[in-house]
Amino acid sequence: MRRRRLLVAATTAMLLVAGLTACSSSGSSGATTIKVLGYQPIPQKILDDFKTKSGITVKADIHNGGDITQVLQSRVAARSDVDVLNLTGGAQFNKYATAGTFVDLTDNKLLKNVKEIGVRPGIVKGKSYGFSMTSYVTGVFYNKDIFQKLGLSVPANWDELMADAAKIKASGTAPFVFTAADGWTNQYFYHNAIAIWAQKHPDFIKKVSTGDESWKQNKLFTSQVQKFQDIVKSGYLIPGAQSMKGEDGQAQFAAGKAAMYLMGTWTLSSLKPSGFQLGMFPLPINDPGQPTAVASSLSDNMYAIASWSKKKEAAEKFLAYMATEKVATEYSNANKVASTIKGVTATFSPYQADSDKMTADAAPYPTRLGPSVDGSGPNLLGDMVAGVSDAEKVIADFQALQDQDNKTNYYTPN
Amino acid sequence: MLEVNARQTRAAESTVVAGNGAGLMRRRRRFEFGFLLLAVPALVVYLGFLIGPVIGGFYFSLTQWDGINAPSWIGLDNFVRLVGDAQFWSALAHTLVFTAIILVGQVGSGLGLALLLNRASRAVPFMRGVFFAPALMSTAVIALVWGFIYSPTVGILHGLTESVGLGDSVFGNVLGGQQSALLGVSIVVIWQFAGYMMIIFLAGLKSIPREIYEAASLDGAAGSKQFRSVTWPLLAPSTSIAVLISLAGNLKLFDQVYLMTGGGPAGATETVGTLIYRTAFINSDYGYSVAQSVVLTLLITMVVLIQRRFTTRRDREAT
């Protein structure tokens, strides 16, 4: 008798739970809601306007504190309830694309609104799986007031840059910001060297991934690592560089404690110079007598649709809306970055004039680097600053990371 | 007749006993069944969320895997790679150094604070709260506070040392030096959990009967002699717990290092925990990072077992 009662109670409880679960999933029936998981904030006005026009509600789950990699990994692995994914381009995007994470957008007309620079990083194995909403150039931000005060001009080659650095140091100011505690920030001392070399040698990234070539054969990269060693030896880096965090370095530059800051234009959204004029020039990695090196560019603010989404149509509508000139302008202004959407000429920063000039001929940074080279490679310059490595070892260690990547199935160009 | 009655009585008794036995067995079986039913939810959670991933981990350590695409079986290759991986051995060495420094620091300061509070007569609950507070704080907040103290640009320590003309000394940039960074992070972890250790020792001290101290005083033992002969031996169980907690916690040290130095400068504070994180989430080499985790798990298990064996024997001798 007691057992029967227990059974009845258990069955009732199970039915109740099942009923509640069913209610919760159908509770929002009627209006369509899609979910965006990403790192770049989307202005609420864009989401509200989209809802008014389409009736589709967009819920944005934004992780812009650097933990998007982990969040994305777990959500994608679990095929969780998400429709649009916003992630960084390059190794990460390629990994997910090859795993069938994204909807194929190859023939989707929304891509016609996106410039080539925004479409290219979304192509994996000949198919378009997404696009970048924004693009950046990397180079040297500099304090124009310090340069003016010391009678310095924008350097056209490496020797001129070093001569400027010597004068800045002599004046009691640190020439360069360097923030080793956030390893990824180190790469802008060699970023355009890799981009320019890859542009001139389109097969290099492929060959280095198959072992047919090595990083030692990339003369621009090796020479740049050597040049960075000269910077370290000359004491041109800001004091405390070996343990400085990215935001502290930016704050030091903004406070006028260092004259030059190597970074990408995304920094314009948070960089607030304290009463000085801000300028930007490409890192002049070239020797005297050679044409001045161009900057490097990248477009890695990728948007894609989750292949398991049950609301693909609504997700496509949202991305098509985002890729319109008006909305992309709003997005660009809010995030203070340049847009990849055709027709958008956003004025997002009082300091964008120099970087705008650099954009046209900038060399695109390759998106097919191995994950270790991309992720851990920049830390190697920090080893040099800490005094435990030299240029030769950095190049060898960089190649060791490549060798390790080559043993994995990371996506490389066909 | 009597004999028949006696036989019947015995038979009846044996039937009752047998009947009772069967009833007992039935009841026991029913009890065990009920017990099992009650344990099933916890068991499912335990197997699914703890044992399952551990077994899964062993499998993934034998694969080449980027965390998303299908893993490919490579046998023991990851472990062979581990043997020749200087970075892993360096991280392991740092982990052991961290563990040794922090263990001594935490147990020593925890015991010291407990002894002081045990003798204090005023504001004991307040002081206990103050010392225990860091253990309740988020590690992110602690990293932020200590990051501000250690900062080479705006740090309190940097300001202090600069004001006395020692700005260029190691104190001006604690987290920037190869040796000082390791010590700097250790100090933070010691500070964070010293109060936690103090509570363990305080509980141990309160359980020592006052009569033993009185007897020791009568025998002429006071001060350090009393500590050596009475307090320390009777604190053995508390010490065992404190050492075990500190060992297990510090061998998998991650968050303080990750938040304060990211493993730098130049890998000087890289622990196995931060290396596992970097291998998986930065380099997308999940198979290899799981192999590193397996080795770390085995290491922690081994160290804790040795410690348990050692302290159990010592506890037995002490009692």
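About the thresholds
- Residues numbered from 1 in each chain as written.
- Chains lettered and ligands numbered in written order.
- Predicted model: local features only at pLDDT ≥ 70, side-chain atom pairs only at ≥ 80, totals over all residues.
- Heavy atoms only, no water.
- Phe/Tyr/Trp six-rings, centres within 6.5 Å; stacked < 30°, edge-to-face > 60°.
- Helix = DSSP H or I, 4+ residues; strand = E, 2+ residues; numbered from the N terminus.
- Lys NZ or Arg CZ within 6 Å of the ring centre and 35° of its normal.
- Contact = heavy atoms within 4.5 Å.
- Buried area = accessible area lost by both parts, 1.4 Å probe.
- Salt bridge = Lys/Arg side-chain N within 4 Å of Asp/Glu carboxyl O.
- Polar contact = N/O pair within 3.5 Å; in protein donor to acceptor, adjacent residues only side chain to side chain.
- Nonpolar A, V, L, I, M, F, W, Y, C, P; charged D, E, K, R; others polar.
- 1 Å grid on protein atoms, 1.4 Å probe; cavity = no way out; pocket = protein on both sides within 12 Å on 5 of 7 lines; lining within 4 Å.
- Points joined across faces, edges and corners; volume = space filled by probe spheres on them.

1. Let's talk about the packing of aromatic side chains
- Under the defined criterion, the tally for this structure stands at 38 aromatic pairs over all chains.
- Geometrically, the ring pair formed by Phe50(A) and Phe318(A) is edge-to-face, given 5.2 Å between the ring centres and 65° between the ring planes. Of this pair, Phe50(A) sits in helix α2 (residues 44-54) while Phe318(A) sits in helix α12 (residues 312-322), placing them 268 residues apart in sequence.
- The residue whose ring lies beneath Lys95(A) is Tyr96(A), and the NZ or CZ to ring-centre distance is 5.2 Å.
- Stacked on the ring of Tyr288(B), the Lys or Arg Arg81(B) has its end atom at 3.5 Å from the ring centre.

2. Brief notes about the interface of chain A and chain B
- Contacts between the two partners involve 29 residues from chain A, matched on the other side by 25 residues from chain B.
- Buried area between chain A and chain B, both sides added, is near 2200 Å², and the carbon and sulfur share of it is 51%.
- In this structure, the connection of chain A to chain B is made through zero salt bridges.
- Linking chain A with chain B are 13 residue pairs in polar contact (both at pLDDT 80 or more), by the criterion used here.
- Examining the composition of the side of chain A that touches chain B, we find that five residues originate from one element, helix α3 (residues 68-77) of chain A, more than from any other.
- Among the residues making up the side of chain A that touches chain B, the classes are represented as eight nonpolar, 17 polar and four charged.

3. Quick notes on the layout of surface pockets
Residue and element names in this part refer to chain B.
- Here the second largest pocket defines a volume of roughly 560 Å³.
- Forming the boundary of the second largest pocket are 22 residues, of which Ile276, Ser289, Val290, Ser293 and Thr297 lie nearest the centre.
- Residues belonging to the lining of the second largest pocket are distributed by class as follows: 14 nonpolar, seven polar and one charged.

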